[in-house]
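Architecture and fold: a report
Residues per chain, in single letters:
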Amino acid sequence: MTSLLRRSSWRYLTAHPAQVGLAILGVALGVAVAVAIDLANASAERAFRLSTESVTGRATHQIVGGPSGVPDSLFANLVTALPTGNQRFLATPVLERWVSTPLSEGRTLRLVGVDLLSEGAFRPHLAALGATGREFDLGPFLTEPGAVALGMETAEELGLEVGDALPVAVDGQLRELQIIAVLEGQEERGSQALGDLILADLATAQETLGSLQRLSRIDLILPSGTDSETLVTGLQRRLPSGIRLLPAETRTNAVAGMLDAFQLNLRALSLLAMVCGTFLVYNTISFSVVQRRELLGRLRVLGVRRREVFRLVLGEAAIIGCIGAVIGILLGIVLGSGLVHLVTQTINDLYFQLTVRRLVLAPTVLLEGLLLGVGASIVAALVPAREAAATAPRQALQRSALEGKLRRQLPRTVIFGIGLIAFGALLLWPAGSVLLAFGGVFLLLLGFAVLTPAAVIALMRAARPLAYRLFGLLGSMAARGVTASLSRTAVAIAALTIAVSVTVGMGVMIDSFRHTLVRWLGHTLAADIYVSPTRPGSPGAAGAPLQPEVAERIAALAGVDRVNTLRSVVLDTDSGPLRLSAADLDERGRDSFDFRYGERNEVWQQMAQGAVMISEPFAYRRGLAVGDQLRLPTDAGPRSFPVAGVYYDYGSDQGVVLMERPTYDRWFDDRGFSALAVFVQPGTDVDSVLAGVRRVAGPRQQLIARSNREIRQLSLEIFDRTFAITDVLRLLAGAVAFLGVLGALMALQLERGREIGVLRANGLTPRQVWKLVTGETTLMGLASGLLSLPVGWVLAMVMIEIVNRRSFGWTLQVTLSPSIFLQAVLLALVAAVLAGLFPAHRLAATSPATALRQD
Amino acid sequence: MVLESVDAELQRGELVVLLGKSGSGKSTLLNLLAGIDQPDSGTVEIFGTDLTTLNEEHRTLFRRDHVGFVFQFFNLLPTLTVAENLLLPLELKGTVDAQSRERALDLLQEVGLADRADAFPDRLSGGEQQRVAVARALAHDPYLVLADEPTGNLDRETSHEVLELLDRLTRRAGKTMIMVTHSHEVVGLADRIVSIRSGRLVEQPLSPQRPVGSSSLAALRSHRS
């Protein structure tokens, strides 16, 4: 392409700042949302990796045990058994636990006890701190009771200095630690890794955590190569039953993998705004082509080749995409720092403890944003660019010719749309991946968008007589106007329809989810009061036990009818952490379970004989069905349990395995309780019993006691918080769709100057012009609103039945509330009318003389 | 079918005037000669190149290299300045160098618009725009100049100026020019006159008053005076 062609192109773009500006804004918002979500995801993941790395260090393998960990004598045995002289592997003991601090509500810290003598090779960043720190004196660290070191950032956030006391709550009991050093990371990475750590000597940690002679695990560095395999087999043979040797990355990857479905869902949703932005670019470019039909014809006469015209138009789209993407990336960084908190909050609510201090500006994410913006713009411009290249020299491509062509192609378009929908449905059909399901969803949306022109024609044909009866000739003209420039209006209607139907789809899905959750909570929370040492559902603190003495006292309280107990532990398995619950249930407790698969009485019978039941997500994740065998690592070595039933559970998307307490006691060497479900005697005031529970526990153990109602409320709060980010994303997609309608209407207005001039010359008043244009936009909004209902409903069904099930394994009961559908129509209507106000005003204000001169 | 049987041979340096009613197929013939359209049968050969054997791409390349166009409605590119409009054919041809640039600007000088080089077309009068269009049609030194009613949209005085330019810059430079016109006054300039009647090309006798030898435009002037 010659520089003059480029210059001509550039001058055209700069001469239409409003059109081009809107398209750039559309791309920018689309890219911004995608980049923001990706950055938030990447930051969360990086924070997770760093904090895991800081604890796992260079360990290649780990020795882990059951719920109560590993006896520290095992480490001593290993060390004495180490091949001396030619030291073939390294080992170091670790004890870690999440603790909370009353200094900061909701903040949890990772107390890690290490043996500094054998530590060096494992976590050099910690060992180096010990070795180089001038203020860091090893003596007191090893000898002073409760001596710990804290990361600088954490210390600053908590307002602590060296010499201060750091109170922490361990399993609901307050302990006091002494800060003897504040550690400064060597580099950014180091200081971030130190983030949540409270570093202590192993003995101090054991004492503080009440885990005398226990370890969380033993970290190992084994040589790589074939030596390693023989060493692993040798070591495994030497380990007592219930203790296992696992590769270090198993756990890290499995934990990080928990987020996959969640992050994928966010990502897919984040692309929505870009889809709307693509429509906007399409609209702008196709308008620029139609408007320049003569100019392009002249160029062709002068000998500009088809492919040069094609490249010219694509080049313009690329410029719009480039500028939009750059602005979008900058916006995305700003938006990302806001969203990262929402993402982290959800991860903390649902998965595990994570503190994300800063947004990581991953270069790949920024590059992806650029490619996304430019790529989407170029894709959007392909069709108009082809149109432009097909322009015959001197032949003016009239709007009417274009519309005629579109009409002629309508049957083919409809077939293509149906084809896209069919292909999308095909992707949804097999039990494929979530990614495929999202591919299917996008194809469905695209298919519906392609069907929009045909649907608009049908709707307007139906609307015209009504509009005539209501508003006379102007009404009829408005309906006709929408179809007369279908190539433009249909794109705007399609963009708005998609944005609104996603609102309907997500709305129905969230509504159904919420109703399902409410019903499930109502059924499951059979007891009146729940007591546990940690926040219910707090993922990092599954093992925290209730003191037996406290449990006994609560059971003996006046007004308490019965108490059911629950033990909840996390087992390290070859495929990652697994949550196991052991329940001591009576009839009412059993009734609170609802089964997806398995007959109630049979399930409980088998449970009494040592079987397990699994939650729906767990069954989905592991591909397990009733009658299958589930292999679990018990304290007596690995053992298979028959699966008696699959029950509904919406508490965790990772899933839970449940067994009866006697079964648990038989296979696990652990007598603790994690939670109590207290049934109050009929007629007794729940609040007074609740007060009694708090009074009994108070001096002995800090417990969280909540009434049934409070837990229900809290669960719904977490639910709503989880979907807060969805609202932000939907809002942004809606904003882009709004820009699309505005852009389309402004382009139409530019094109219709002459037509309106003729109407004005024939006596149409400015007010009537205003009414005509507003009538058209109202009809466009109405069309979008109505079309979005079936599309939204299909989307909702796909989200509920396929995406949600494949992502999380949950069955949701569909709830269709009419208000969501009504809101959708209103939303589309209001968006279109608002977007039409400015163009209507401009057209009404045009003098007929100026408008007529335009041609 | 507009044109049925068109059989004609043109010589280098000839000015051929093409007459015919509206819709008779004059523009179609020009389009065939420019390689914009293709005939259903027969050949279009220009200086040894048979356009009917070329595909769209190559016809476009041929046009950009060897054909200049002047239209009734000027058809300048509104997004380029006067000078840029002139340089575009050269750029397309890929022959922009200091020399050709200078030649293009000389052309601008010749059409009397050197001082408007940086203006955009919408700042120029109709006559000025057509003078730029003439310069643009010749900037890349084509064999063949096709003019489709170049004075159709101009007043009498301006028409003369433009015709004088075309005559001076085209015929005397040895280029073949085919001009579609309704104006019988222009006819006096022609070396040959052909008209299209019922899709056929009919050679017409030259005007008897046409003076021979001297500058045709001077002759036109004297003819008119």
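Residues numbered from 1 in each chain as written. Chains lettered and ligands numbered in written order. Predicted model: local features only at pLDDT ≥ 70, side-chain atom pairs only at ≥ 80, totals over all residues.

Looking at the nonpolar core
Residue and element names in this part refer to chain A. By size, the foremost hydrophobic cluster in this structure holds 228 residues, and its most contacted members are Cys276, Ala495, Leu496 and Val741. Leaving out residues up to four positions away in the same chain, Cys276 has contacts with Gly30, Ala495, Ile498, Ala499, Ala733, Val736, Ala737 and Gly740. In terms of nonpolar packing, the next biggest core, distinct from the first, is built from 55 residues, Ile614, Ala675, Ala677 and Val689 among them. (Core = buried A, V, L, I, M, F, W, Y, C linked by C-beta atoms within 7 Å. Buried ≥ 20, exposed ≤ 12 C-beta atoms within 10 Å, placed from the backbone. Contact = placed C-beta atoms within 7 Å.)

Here's the deal with the interface of chain A and chain B
The interface is formed by 17 residues belonging to chain A together with 19 residues belonging to chain B. The element best represented in the side of chain A that touches chain B is helix α1 (residues 3–15) of chain A, accounting for 6 residues. By residue class, the composition of the side of chain A that touches chain B is 7 nonpolar, 4 polar and 6 charged. (Helix = DSSP H or I, 4+ residues; strand = E, 2+ residues; numbered from the N terminus. Nonpolar A, V, L, I, M, F, W, Y, C, P; charged D, E, K, R; others polar.)

Focus on the confidence of the model for chain A
Segments scoring low in pLDDT should not have their predicted coordinates read at a detailed level. All names here are of chain A. Averaged over chain A, the pLDDT score is 81; the fraction of residues at 70 or greater is 91%. Here residues 130–134 is a poorly scored stretch, pLDDT under 50, and it has 4 contacts once near neighbours within four places are set aside; other chains count. Taken together, the stretch residues 536–542 has pLDDT below 50 and engages in 15 contacts with residues farther than four places along the chain or on a different chain. (pLDDT = per-residue confidence, 0-100.)

Remarks on the pairing of strand β12 (residues 529–532) of chain A
Residues and elements named next belong to chain A. Alternating residues of β12 divide into Ile529 and Val531 and Tyr530 and Ser532, and every residue in both groups is buried. When β12 meets strand β20 (residues 675–680), the two strands line up antiparallel, connected through 3 bridges. When the bridges of β20 are listed, Val531 appears paired with Leu676. By the bridge criterion, 4 bridges tie β12 to strand β21 (residues 704–707) in an arrangement that is antiparallel. Looking across to β21, one finds that Tyr530 is bridged to Arg706. (Pairing = 2+ DSSP bridges.)

Details of the sheet that holds strand β7 (residues 192–197) of chain B
What holds strands together in a sheet is hydrogen bonding between their backbones, with the strands either parallel or antiparallel. All names here are of chain B. Strand order in the open sheet formed by 6 strands is β4-β5-β6-β1-β7-β8, with mixed pairing between adjacent strands. Pairing within the sheet leaves two strands with one partner each, and these edge strands are β4 (67–70) and β8 (200–204). Between one strand axis and the next, the sheet turns through 20° on average, direction left out of account. Inspection of the sheet shows strand β1 (residues 15–19) paired to β7 by 4 bridges, in the parallel sense. Across the sheet, Val17 pairs through a bridge with Ile193, a residue of β7. Along the sheet, helix α1 (residues 26–34) contacts β1, β4, β5 (144–148), β6 (176–180) and β7; its crossing angle with β5, the most-contacted strand, is approximately 155°. The strands touched by helix α5 (residues 126–139) are β4 and β5; relative to β4, the strand with the most contacts, the crossing angle is about 170°. (Axes fitted to C-alpha atoms, helices over the stretch in contact; angles between N-to-C directions.)

Concerning the packing of helix α18 (residues 486–524) of chain A against helix α28 (residues 766–808) of chain A
Residues and elements named next belong to chain A. Remark: α18 packs on α28, axes separated minimally by 6 Å, with the N-to-C direction vectors making an angle of 40°. If you check the angle between α18 and α28, you find them oblique. Handedness of the α18/α28 crossing: right-handed. Tallied by class, residues from the contact of α18 with α28 come to 18 nonpolar, 10 polar and no charged. (Parallel < 35°, antiparallel > 145°, perpendicular 65-115°, else oblique. Left-handed = near helix turned anticlockwise from the far one by under 90°.)

Comments concerning helix α21 (residues 600–608) of chain A
All names here are of chain A. Within the span of α21, buried status applies to Val603, Trp604, Gln606 and Met607. Projected onto a plane normal to the axis of α21, the buried residues spread over an arc of 160° and lie on a single side. Residues of α21 that are exposed and point more than 90 degrees away from the buried face comprise Asn601, Gln605 and Ala608. If you follow the buried residues of α21, they end up packed against α20 (587–591), β15 (595–597), β16 (612–615), β18 (637–647) and β19 (656–660). In the segment just after α21, Gly610 is the residue with positive phi, at about 105°. (Arc of directions from axis to C-beta.)

Points about the packing of helix α2 (residues 17–56) of chain A against helix α12 (residues 260–291) of chain A
Residues and elements named next belong to chain A. Relative to each other, α2 and α12 sit at 170°, their axes nearing to 8 Å. In terms of orientation, α2 lies roughly antiparallel with respect to α12. At the point where α2 passes α12, the crossing takes the left-handed sense. Looking at the contact of α2 with α12, its residues break down into 17 nonpolar, 8 polar and 2 charged.

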